[in-house]
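Residues per chain are reported as follows:
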Amino acid sequence: MDTTQSATLDDVATRIEATADRWRRISRLLRASSHEDCASLSLTRAQLRILVRLQQDGPAAVGHLAGQLGVTLPSITATVDRLVQQGMVSREDDPGDRRKVINRVTPEGAALIDRLQEGKKARLVSALGNLAPNDLEALHQSLASLERALGELPPWSDEGKPP
């Protein structure tokens, strides 16, 4: 490989890192509105993460949730306890194993997540409406490419780590 190719590969790697960093900043800006909403609803970020995970992936035992979210079992148990007290999560015996308890989002918890996600979407739609038409089209095409690239990646393991 000659020095020109090496420099080009370095430029691409630098651009990839800068783009990933920009994506994280944008995600934080979008989450900013949901943090304000969570604070007004007396929800912690940890509680919100559990609610979203249960809504997206369906009912789960605390051990499974702890593994997915990378937290300790005592920590997640206490957080789920608070969600149960708030009526956001319900507990049921696992019909396949009576020693296990399954946690599921209640209709109240699902409605709360839907409201928070709608607020985040409204914030995004408002920002997109401020883009010039050609910038919006370029972003749309780029996001379609990113969506395809993500769809081609192998799935991650249950531990949340790449294969």
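Quick look at the structure, then. (Residues numbered from 1 in each chain as written. Predicted model: local features only at pLDDT ≥ 70, side-chain atom pairs only at ≥ 80, totals over all residues. Heavy atoms only, no water.)

Before going further, it helps to spend a moment on the pattern of salt bridges. Applying the stated criterion to the full structure yields six salt bridges. Salt-bridge contacts for Arg-53 lead to Asp-57; the nearest nitrogen and oxygen are separated by 3.2 Å. Here Arg-53 pairs with Asp-57, and both are found in helix α2 (residues 45-57), just four residues apart, close to one helical turn. A residue is classified by how much of its surface remains accessible, and Arg-53, at 26% relative accessible area, is partly exposed. (Salt bridge = Lys/Arg side-chain N within 4 Å of Asp/Glu carboxyl O. Helix = DSSP H or I, 4+ residues; strand = E, 2+ residues; numbered from the N terminus. Buried < 20%, exposed > 50% of the residue type's maximum accessible area, 1.4 Å probe, protein only.)

Before going further, it helps to examine a nonpolar patch on the surface. Where nonpolar side chains cluster on the molecular surface, the patch consists of Trp-23, Leu-131, Leu-136, Leu-139, Leu-143, Leu-146, Leu-150 and Leu-153 and spans about 690 Å² of accessible area. Sorting elements by how many residues they give to the nonpolar patch places helix α6 (residues 133-152) first, with five residues. On the secondary structure map, Leu-136 appears in helix α6. (Patch = residues over 30% accessible without salt bridge, like charges linked within 9 Å, V, L, I, M, F, W, Y side chains within 5 Å. Areas by Shrake-Rupley, 256 points an atom, 1.4 Å probe, with all protein chains shown as cover.)

Below, the discussion takes up the pairing of strand β2 (residues 97-105). The sheet contact formed by strand β1 (residues 89-94) and β2 spans six bridges and is antiparallel. Within β2, the residue paired with Ser-90 across the bridge is Arg-104. The loop that links β1 with its antiparallel partner β2 comprises two residues. (Pairing = 2+ DSSP bridges.)

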